[in-house]
Every structure is written in C-alpha cells, then in structure tokens.
Amino acid sequence: MAFFRPKAKMDLTELVRACQRQDARAQVVFYDRYKSRLLGICLRYARTVAEAEDIFQEGIMKIFSKIGEISKPESVDSWVKTIMIRHAIDYYNQVTRKEILSSSYDNADMEWQVDDHSAVLQRMDVEILMETMNELPDGYRIVVNMYFIDGYKHSEIAQLLGIMEATSRSQLTRGRNLLFKILEQKGIKQHEIL
C-alpha cells in the first residue's frame, strides 16, 4: 500500500478551478508557477528588492482574492500579469509618487541616434539593463517599464498613473535618454548595443 500518491500534474484549467475552490494545495502550485515571473515584474517597478517582495506578496493576495472572477481559465497568464502590473502601479501611486518625479537628471537631453529603442533594449544583457533601469528616478523608471517592457500606450500610461499623455511622453523621452546616458557612463557605447 502506498502512503503517498505521486502528484498528478494539473492542467491550467484544473489548477485555476481548484484555486477558485480555495484548495490549499492548488494555491501552492499556482504560487510556485507564477512566483518568479511576477516577482520579476515587481522588481522592475520597485526601487529595492524588499519593496518588490512587499509588492509581490500584496499582489499575490489580491490575485487569490479575485481569482473567482476568472471565467476563462486559459487566459489566466495574461490576467495574472495585468493584476500584478496594476498593483505595482497602485503601490507606486500610493507610496512613491509623493516624491518628485524627476531629479537632478533633468539635464539628460543627450540623444542617441537610434530609431528603434525597443530593439536596442532587447539586445542588451537583461541583468545590466535591469540594474541600470533601477537607477532611474521613479517617474522615469515606471514609464520606461510600462512603455518598452509591458507594451502600454501613452494613453494607457496616462490613465493608470493619473498624468497627462504629454507628461508620459516627456517622462519616456527623458527616462530613455537618461538610461542610455547611464549605460554610456558604465562603458556601454551605442555601437556595442547595436
């Protein structure tokens, strides 16, 4: 007689349905499935690892509290990502936004001659890029993340952050320029990225 049954692998629909029934084992599997991806999102929006972990823990609790709303379990991947991004933005709006959106980096008017900034960012070493992006002032970092990495449009960014579209465009331009300036200060030249 076997005391322990081997864990049967649940498909995504079964996993979501089990979580909706508040099955603790399914919640652990769900948590393990999404932890690294969601924590990665939080790290992009937070100033520190500790802050990212706080955002993640609060966000995962929000996900579990709202999981009953999912009517199409096969779409849970994008739903979870959206919930976590929005939670990180809410955290920013409540906690961090009181600080000045820009800092002494306002003079970051250096322009690199690159038309496709997304392609440049995709070719970079992820670790260097994330480390450098975390050096940006909060307002720049949030908009750069939302636009280049998460694919939001300026109208969506403006709505989520409660700013004007022109402010979103300005923050993106300044943030992008500052990002490239910091990269250059680290010894990464434009021709090395391209």
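Everything discussed here concerns the structure shown above.
Residues numbered from 1 in each chain as written. Predicted model: local features only at pLDDT ≥ 70, side-chain atom pairs only at ≥ 80, totals over all residues. Heavy atoms only, no water.

## Details of the packing of aromatic side chains
Thought 1: This structure, assessed with the given rule, holds 4 aromatic pairs.
Thought 2: Ring centres of Tyr147 and Phe148 lie 5.2 Å apart, and the angle between their planes is 90 degrees; on these two criteria the pair is classed as edge-to-face.
Thought 3: Feature note: the residues Phe30, Tyr34 and Phe64 constitute an aromatic cluster, connected by ring pairs. (Phe/Tyr/Trp six-rings, centres within 6.5 Å; stacked < 30°, edge-to-face > 60°.)

## Quick word on helix H3 (residues 49-66)
Thought 1: Here H3 contains 18 residues, and its C-alpha end-to-end distance of 25 Å stays within 8% of the 26 Å for a straight helix at 1.5 Å per residue.
Thought 2: When H3 is considered as a whole, its buried residues turn out to be Glu51, Ala52, Ile55, Phe56, Gly59, Ile60, Ile63 and Phe64. (Helix = DSSP H or I, 4+ residues; strand = E, 2+ residues; numbered from the N terminus. Expected span 1.5 Å × (residues − 1). Buried < 20%, exposed > 50% of the residue type's maximum accessible area, 1.4 Å probe, protein only.)

## A short note on the packing of helix H8 (residues 154-161) against helix H9 (residues 165-185)
Thought 1: For the pair H8 and H9, the least separation of the axes is 8 Å and the interaxial angle reads 105 degrees. As the angle between them shows, H8 and H9 are arranged roughly perpendicular. Across the interface between the two elements, His154, Ser155, Ile157 and Ala158 from H8 touch Glu165, Ser168, Arg169 and Leu172 from H9.
Thought 2: Each residue belonging to the contact of H8 with H9 can be placed in one class, and the counts come to 3 nonpolar, 3 polar and 2 charged. (Axes fitted to C-alpha atoms, helices over the stretch in contact; angles between N-to-C directions. Parallel < 35°, antiparallel > 145°, perpendicular 65-115°, else oblique. Contact = heavy atoms within 4.5 Å. Nonpolar A, V, L, I, M, F, W, Y, C, P; charged D, E, K, R; others polar.)

## Side note on helix H1 (residues 12-20)
Spacing of three or four residues puts side chains on the same side of an α-helix, whose turn is 3.6 residues.
Thought 1: All of the buried residues along H1 are Leu12, Leu15, Val16, Ala18 and Cys19. Along the long axis of H1, the arc covered by the buried residues comes to 160 degrees, so they all point the same way.
Thought 2: Immediately downstream of H1, the backbone of Gln22 shows phi near 65 degrees, a positive value. (Arc of directions from axis to C-beta.)

## A closer look at the nonpolar core
Thought 1: The biggest cluster of nonpolar side chains holds 53 residues, and the ones touching the most others in it are Phe30, Leu38, Ile63, Val76 and Leu161.
Thought 2: Counting residues per element, this core draws most heavily on helix H4 (residues 76-96), at 10 residues. (Core = buried A, V, L, I, M, F, W, Y, C linked by side-chain atoms within 4.5 Å.)

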